Amino acid sequence: LPMVLSILGSLMGTFVQERRHKIVKRHCQPHQNTTNLEKGLMEEVTQTQMTMIFARGESDAVHLTEETDSNPTKKLLQECFPTLADVHTSQEASVNFRKIRSGDVVVYTKDGGTQAGQVWYHFRNDTELFTCVCCWPTESVETNCLKCRVSAEPELVQTSQLIAPTIFTPASLGKIATVL
């Protein structure tokens, strides 16, 4: 797995990681042949995921879904940043074929390290994509998790810097949350 991660930049998703089991449903519902179901199913899933990984160079690897042109977020952005001409906002973005929604806790790259935070919204100005993330300062890094202090300090990051939505322990503002 470490070699695959270093070569491809990410690992293929597993059924357990996938939100609402979409991959399982996508492949199981139309499956008619029950002989060697598991083997055939795993071949289809692996082929689909490998195609997605190698398609990352395409322009749609990072994009907004369900863009809206009129909402309070757009008006606020244009007031705060008058130079933004053509702004489109969204509650959901697709980053390397992973859906990241408003309210999700994500890990992202920042200054060469990994940071965690909660997504507030996504927006596009011309061709640039940004995400407003409520940054959670890292208190400690453990083997498979980050210990972060829940904060309400927003910052804008490029949407392409988002790595993935994560699992976390809920914590109130100012308390420590564990992010897996």
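See the structure shown above.
One numbering rule holds for all chains: residues counted from 1, following each sequence as written. Only residues with pLDDT of 70 or above have their local features reported here, since the model is predicted, and side-chain atom pairs are shown and tallied only from 80 upward, although totals for entire chains, interfaces and linings are computed over all residues. The side-chain quantities take in all heavy atoms of the structure and omit both hydrogens and water.

Colleague: Help me get a handle on the pattern of salt bridges, residues and values and all.
Modeller: Close approach of charged atoms lets side chains of opposite charge pair. Salt-bridge detection follows one rule: a side-chain nitrogen of Lys or Arg within 4 Å of a carboxyl oxygen of Asp or Glu. One pass over the structure, following the stated rule, counts three salt bridges. Glu 139 is paired through a salt bridge with Arg 149; the nearest N and O atoms lie 3.3 Å apart. Of the two residues, Glu 139 is situated in strand β8 (residues 138–141) and Arg 149 in strand β9 (residues 146–149); the sequence distance between them amounts to ten residues. Buried residues are those whose accessible area, probed at 1.4 Å on protein chains only, stays under 20% of the maximum for their type, while exposed residues exceed 50% and partly exposed ones sit between those limits. Classification of Glu 139 as partly exposed rests on a relative accessible area of 44%. The way it works is that DSSP assigns letters per residue, a run of H or I at least four long becomes a helix, a run of E at least two long becomes a strand, and they are numbered from the N terminus.

Colleague: Give a description of the sheet that holds β9 that names residues and reports values.
Modeller: The antiparallel open sheet is built from three strands, whose spatial order is β8-β9-β12. Of all strands in the sheet, those bounded by a partner on one side alone are β8 and β12 (176–179). Across the sheet, the mean angle from the axis of one strand to that of its neighbour is 20 degrees, orientation sign disregarded. Here β8 pairs with β9 via three bridges, running antiparallel. Paired with Ser 140 across the strands is Lys 147, a residue of β9. When DSSP finds at least two bridges between two strands, those strands are taken to pair. To get an axis, a line is fitted to the C-alpha atoms, and for a helix only the part in contact is used. The angle between two axes follows their N-to-C directions and goes from 0 to 180 degrees.

Colleague: So what about unusual backbone geometry? Which residues, and what values?
Modeller: A negative phi holds for most residues other than glycine; trans holds for most peptide bonds. Positive phi is not limited to glycine here, since Asp 111 has a value of about 50 degrees. Along the chain, the position of Asp 111 falls in the loop between β5 (105–110) and β6 (113–125). By relative accessible area, which is 76% here, Asp 111 ends up exposed.

None of this, on its own, says anything about what the molecule does.
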